[in-house]
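Listed below are the residues making up each chain.
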Amino acid sequence: MFNPIEGSVNFPQQELAVSQFWKEHHIYETSLEQRKGAPSFVFYEGPPTANGMPHPGHCLTRAIKDLFPRYRTMRGYRCERKAGWDTHGLPVEVEVCKELGIHSKEEIEAHGIEDFIQKCQQSVWRYMREWERLTERIGFWVDLKNAYATYHRSFVESVWWSLKNLFDRGLLYQGHKIVWWWAQGGTALSSGEVGLGYREVADPSVYVKFPLLDDAGNVTDTSLLVWTTTPWTLPSNQFAAVRPDLEYSVLSTEHEGKSEKLIVATALVDTIAAKTKRAFVVESTLHGRDLWGRRYIPPFHCYYKLFGSKTGKISDGRDVSTAWRVLITGFVTFDTGTGIVHIAPAYGEDDYAELLDQQRVFESGEIPRLLNPVAPNGKFTDEGPEYCRGRWVKDCDRDIIRDLKQRGLLFHQEQYVHEYPFCWRAEQDPLIQYPRRSWFIRTSQFKDEMLANNAQINWLPEHVKTGRFGKFLETNVDWALSRERYWGTPLPIWKCEETGKMEAIASYDELMAKPGVAGGEVWEAAKKKNPELPDDLQVHKPYIDAVTYDSPYAKGARMRRVPEVIDCWYDSGAMPFAQWGYRGEPEASAPGALGKSPLPNPPHQGEGIGSTAAQNFHAQFPADFISEAIDQTRGWFYSQLAISTLLFGKEQGARSTEKDSSELHAPSSTLHAPFPHPFRNCIVLGHMLGEDGQKMSKSKRNYREPTEIFDRYGADALRWYFFANQPPWTSIRYNEQAIKDSVPEFLLRLWNVYSFFVIYANIDGFDPSKGVRGQGSGVRDLSSSFLATAKSYRPVGERSELDRWILSELNRTCAAVVERMDAYDNFGACQRISEFVDALSNWYVRRSRDRFWAADKRAVEKLDAYWTLYEALVTTAKLVAPFVPFVAETMWQNLACAGLGAGGWRLSVNAASSPQAPFPSPQESVHLCDYPTGDSTVVDQALSERMNLVRIIASLGRNARNAATLKVRQPLAKVEVILADTKHQGWLEQHADVIKEELNVKALDFCDDPSLYVEHEVVPNFKLLGPKLGKLLPKVKQWLGQQTGAELLANIRDNGQIDVTLDGQTLGLTHDEVEVRIKPKPGWTSANDQGVVVVLSTALTPELVAEGLARDVVRLIQDLRKDTGCDYTDRIEVGLVTDAVDLAAAITQNRDYIAGETLASSVVDKPIAGVEPVQAKLMNHDLAIYVRVVK
RNA sequence: GGGCGCGUAGCUCAGUUGGUUAGAGCGCAGCCCUGAUAAGGCUGAGGUCCCAAGUUCGAGUCUUGGCGCGCCCA
């Protein structure tokens, strides 16, 4: 007996029960245990940050991350799924600042770094509960207990190990970088963070004159006209740049009575004239290169006084001034401005690159230096104009403009609306570009290696490989690693306070072993004060900063840590090894691994998979599968690839070229992995947008909280919507309706079939476990071979065509799904599953209902139907398990566990260990089963085609009925079918019953003379004839169109080919080279599709009408049975009373039929005593119906 | 400004190496079925496949150029 199914299914509620069951019975753990020794399928969890609430977009990532591991596990792999959390970085600091009501670095330091860091550590788990709940609720199986976190000591030390490796190989160096600087916060923002904060703003846009000097150094009457939207950068102007190949014009113009001359790009003269409403006269033209080396007076004199006369010797021996000179560059554009660019190297990346170039040009004498009159807090220093000092740069724009105007240097001023970045967390703070000293990793040296590794990765969609990701690698620049912040992995470099020489440290123990080490007591004291302090903080600021030791480079000097922490993207990219705390230890079995003696297992290892970090790492690298959204291209996808390539690729013999980096040490050990690319397959997900097509945003409320979705529709509905509606890389709009729809479209349809089975199997006492005596493989999975040991199980070959067909479809589907899923195509797989469930529901069950209703419980046909549907459902449960794990489990528990007599979930577990069990119990969970891969011996391709044809014919017949407004209850005399291709006609003739029944017709004829109803049309088979005939093809098509179809067909029949004569050429078209189409002649109630035409005979005889009436009566009685609450099996007495002669006759003629259909023991033509009749109307005749249940 | 992607029915999306009649679901309209029933099914209307040019016997599909949108980067 199966557990009866409640009237209306509540998926969300059911899912909670399933979730509970998995937890209580440790199904995930068992699924791993069961695959002990099996080949690994390696999955990496890209660490999310738990300091924000998860939204539907995260559901997609978590769903797809679950799908493939679940699938692979069922396919026989062992798939560890170690969870992880990204915990470092600015967002965490910003959250804490908000909490503390502070903003800037000064304020953080005033607050106290120690307390700040402790708060950061606490804050990273703020939303962990929500994340874990979401993870569990959506059915993402992942080991949360042994999750790695990037702030854990073992993780940090593993990162240190890798950085020391890079440092020792000269791959880590210090340089300058123009960064997007958040002055109020005192920090640089990563490009990703900058991208988050672009906003449209109106900035002042000024056209400023730079008066040119002549060779003797005297001021001329001609000025360069330059344009800028950041007036505050003008005091640090160092050069003006033009493009060499472009034409510039010398213009003369009148202004306030004075005439002046200006130089601008010729292409922009009209635009500027229109903008400024000034009349220009072109005096002369010249090329940009003619302006090379011309000196000018800068708009501000702060530095001019100091350096205005400084010169140096360049390579050709000339003396040129170090600043305020015209340069030639390529990056000048002509869409805005004047074609002459103001260069302030301190405040622009391109500008700074220009300065570096200039510095290289000088061979002796003075060289250009970087002019920067702005302090890191964004305020002018004493080097700036007097009225600007101590003021925020953007606030000075107005005064600077006024000053320029007063001095006659301002030519024009307006507002300019453009996109400008603001701090993404402090939205009122504009960012500025600003020079900072920074640590870099020499990734650009490894470009080719990274590209080679990239080539090994299977990207989905494919275009990422050479597109977004490949292009990004090709333009690789060195990774700016350091951050001048607090909450991050400290850069493990200690610097000699005397000599400036540096060395990298790979672990805390190594540090503490240094000679003369001191400062460890700061941590000890903190720990003593608060024993609850997590030990992980020992390797963080400020404690680690306190640790110093004797310098090996200068006697008496101390080594102190540099202040920076690192980019948290490095943490995430180091996760393949850092999640295990791996620090270069060799793994005995790993070939080619070098290194020091193994270190003890670091803390936070938990009960991971292996016994040592090295074993774990070697066993779990590289990943077979990862998946994240497209925004991770430059994030986690890149950081993993870059780090793996530098660390595990071939030695590059890279040498430092930076002057200030320390001496080279012997490189520490590295693993030369055969696959230095860290992942083999990567599904790049599209972004999920809000319902309005905008980015999902809390304030816009354009999406629903995940928990609400789960409560309303369930996790399976959401998962199915993700997997089955589009390929995963499509960016989709959050579409609640579509999530809702996935319930009736798929889940409910499957559920109804399952529910149908359970209802009737219980009525008939169908018990699949009865008589089953299986042993050996496949028993626990309830494989076909196991089921076949049951007494009542007939070999598939002996069953009806319908049974054979659905089992063929089932196995065909399994094979196709496996093929798709192995190619990481969940969308294709879902389509196949959908089609199968549709076939099962709308054809197999529909066509089998009679057998399930048959009175004889032991009829072989009936048992065949049960066995067939049972096997189909059990297999489908396994098939859909990775996709919709909850409903699959519910089905399995009832069909396999309860149904096999074990009496429920818990009991089935006990049965497994009980030696008395007649056969080993079924798998405790569907997720412990092997995935069905399809049995090709059960697949019958021809049957599949034929059944498809039957379905088409039935559909066309209904269409024809529809067109003639003849309802299906009205029987018709015959239906005629005309086939374009008669291949399957013989088979169809033998299976006329199905069609007759579907269409409620008395006879099915295949038309002898199709020309009565249809016309044949012969068209070329373009695919075959295209390459063969080329330009002749359209003529052949035309010619065929002009012939009579019947004649052409006769030709083929008689000669095996059609002879075509065109342009004096004769061609023979074979049967394959043409396609015969048919279309119905006008005036027929018919329908056609795919080479089939169905014609219905619409003539009605009195007998047919009577039968139709009888069916109506049955219909009414059935309704009454339901209304009176009859049980499915109740017998009734029926009385039918009518004055209408026709109706009475129809009832009399069909009395047996009516009785049979309605389970009536008697049908009489008089009232039944004591029963209230129900009055009905049929074809305008009154009918009184009396129904009484027979007790 | 550059790179990448997208643009197909009212909406959300498919569309396999180019093959001549472009599909699904929802929505809308009409109908059917009735012991899976607070389900199910059928049919219909609805398309300039963003625009233009090119390649080809043949283009939703390939190429180029526009237009629009998104993402990433300047």
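Higher on the page you've got the structure.
All values derive from a computational prediction rather than experimental measurement.

Student: Explain the packing of aromatic side chains to me, please; I cannot follow it from the model alone.
Tutor: Geometry of an aromatic ring pair is reported as the spacing of the ring centres plus the angle between the planes. Inspection of the entire model under this criterion finds 62 aromatic pairs. Taken together, a centroid distance of 5.7 Å and an interplanar angle of 50 degrees make the contact between Tyr28 and Trp141 tilted. Residue Tyr28 is found in helix α2 (residues 27–33), and its partner Trp141 is found in the loop between α7 (128–137) and β2 (143–149); the two are separated by 113 residues along the sequence. Relative to Phe625, the ring of Phe41 lies with its centre 6.3 Å away and its plane at 20 degrees, an arrangement referred to as stacked. Residue Phe41 is found in the loop between α2 and α3 (56–74), and its partner Phe625 is found in strand β26 (residues 623–629); the two are separated by 584 residues along the sequence.

Student: Looking at this model, I keep getting lost on empty space enclosed by the protein. Mind explaining?
Tutor: Any space left empty among the atoms is revealed by the rolling of a water-sized probe across them. All told, the structure shown has 2 cavities of 30 Å³ or more when counted by the stated rule. Considered as a void within the structure, the second largest cavity measures approximately 30 Å³ in volume. Residue lining of the second largest cavity: Leu60, Phe722, Gln726, Pro727, Pro728, Thr730 and Ile732, and that is the complete set. Taken together, the residues that form the lining of the second largest cavity break down as 5 nonpolar, 2 polar and no charged.

Student: Hey, could you run me through the pairing of strand β34 (residues 1065–1070) in this one?
Tutor: Working note: regular strand, side chains alternate between the two faces of the sheet. Of the strand pairs in this sheet, strand β33 (residues 1057–1062) and β34 are connected by 6 bridges, and their pairing is antiparallel. The residue of β34 that forms the bridge with Ile1058 is Leu1069. Here β33 folds back onto β34, and the loop between the two strands holds 2 residues, one of which, Asp1063, carries a positive phi near 50 degrees.

Student: Can you help me understand the packing of helix α26 (residues 736–764) against helix α29 (residues 826–853) in this one?
Tutor: Packed helices, taken two at a time, are described by the angle between their axes plus the distance between the axes. For the pair α26 and α29, the least separation of the axes is 10 Å and the interaxial angle reads 25 degrees. In terms of orientation, α26 lies roughly parallel with respect to α29. Viewed along their axes, α26 and α29 form a crossing whose handedness is left-handed. Of the residues in α29, those touching α26 at Phe746, Arg749, Leu750, Val753, Phe756, Tyr760 and Asp764 are Ile833, Ser834, Val837, Asp838, Leu840, Ser841, Asn842, Val845, Arg849, Phe852 and Trp853. Classifying every residue of the contact of α26 with α29 by side-chain character gives 11 nonpolar, 3 polar and 4 charged.

Student: Please explain the environment of Val522 as it appears in this structure.
Tutor: Inspection of the secondary structure assignment puts Val522 in helix α18 (residues 520–529). Look at Val522 and you get partly exposed, because its relative accessible area is 36%. With residues near it in sequence (within four places) discarded, Val522 still touches Tyr543 and Ala546.

Student: Honestly, the packing of α29 against helix α30 (residues 860–880) in this entry has me stumped. Any pointers?
Tutor: As a packed pair, α29 and α30 sit with axes 10 Å apart at the nearest point and diverge in direction by 160 degrees. Taken together, α29 and α30 sit at an angle that is classed as roughly antiparallel. When you trace α29 past α30, the crossing you get is left-handed. Counted together, Ile833, Phe836, Val837, Leu840, Tyr844, Val845, Arg851, Phe852 and Trp853 of α29 and Glu861, Lys862, Asp864, Ala865, Tyr866, Thr868, Leu869, Ala872, Leu873, Thr876, Leu879 and Val880 of α30 form the full contact between these two elements. Taken together, the residues of the contact of α29 with α30 sort by class into 15 nonpolar, 2 polar and 4 charged.

Student: It is not clear to me how the sheet that holds strand β39 (residues 1160–1164) should be interpreted in this structure. Could you clarify?
Tutor: Strand pairing in a sheet relies on backbone hydrogen bonds. The paired strands run either parallel or antiparallel. The sheet built from 4 strands is open, its strands ordered β39-β38-β41-β40 with mixed pairing. Looking along the sheet, the strands with just one partner apiece sit at the ends: β39 and β40 (1174–1178). Between one strand axis and the next, the sheet turns by 25 degrees as a mean value, whatever way the strands run. In this structure, β40 lies alongside strand β41 (residues 1181–1189), joined through 5 bridges in antiparallel fashion. Bridge pairing links Lys1177 to Asp1182 in β41. Across the face of the sheet, helix α39 (residues 1102–1123) comes into contact with β38 (1132–1137), β40 and β41 while running at roughly 45 degrees to β41. Across the sheet, helix α41 (residues 1151–1158) is in contact with β38 and β39; its angle to β39 comes to roughly 145 degrees.

Student: Mind showing me how you'd approach the environment of Lys145 here?
Tutor: In this fold, Lys145 is placed in strand β2. Assessed through its relative accessible area of 72%, Lys145 is described here as exposed. Taking the C-alpha atoms as reference points, Lys145 and Ile566, 421 residues apart in sequence, are found 27 Å from one another.

Rules used throughout
Residues numbered from 1 in each chain as written. Chains lettered and ligands numbered in written order. Predicted model: local features only at pLDDT ≥ 70, side-chain atom pairs only at ≥ 80, totals over all residues. Heavy atoms only, no water. Phe/Tyr/Trp six-rings, centres within 6.5 Å; stacked < 30°, edge-to-face > 60°. Helix = DSSP H or I, 4+ residues; strand = E, 2+ residues; numbered from the N terminus. 1 Å grid on protein atoms, 1.4 Å probe; cavity = no way out; pocket = protein on both sides within 12 Å on 5 of 7 lines; lining within 4 Å. Points joined across faces, edges and corners; volume = space filled by probe spheres on them. Nonpolar A, V, L, I, M, F, W, Y, C, P; charged D, E, K, R; others polar. Pairing = 2+ DSSP bridges. Axes fitted to C-alpha atoms, helices over the stretch in contact; angles between N-to-C directions. Parallel < 35°, antiparallel > 145°, perpendicular 65-115°, else oblique. Left-handed = near helix turned anticlockwise from the far one by under 90°. Contact = heavy atoms within 4.5 Å. Buried < 20%, exposed > 50% of the residue type's maximum accessible area, 1.4 Å probe, protein only.

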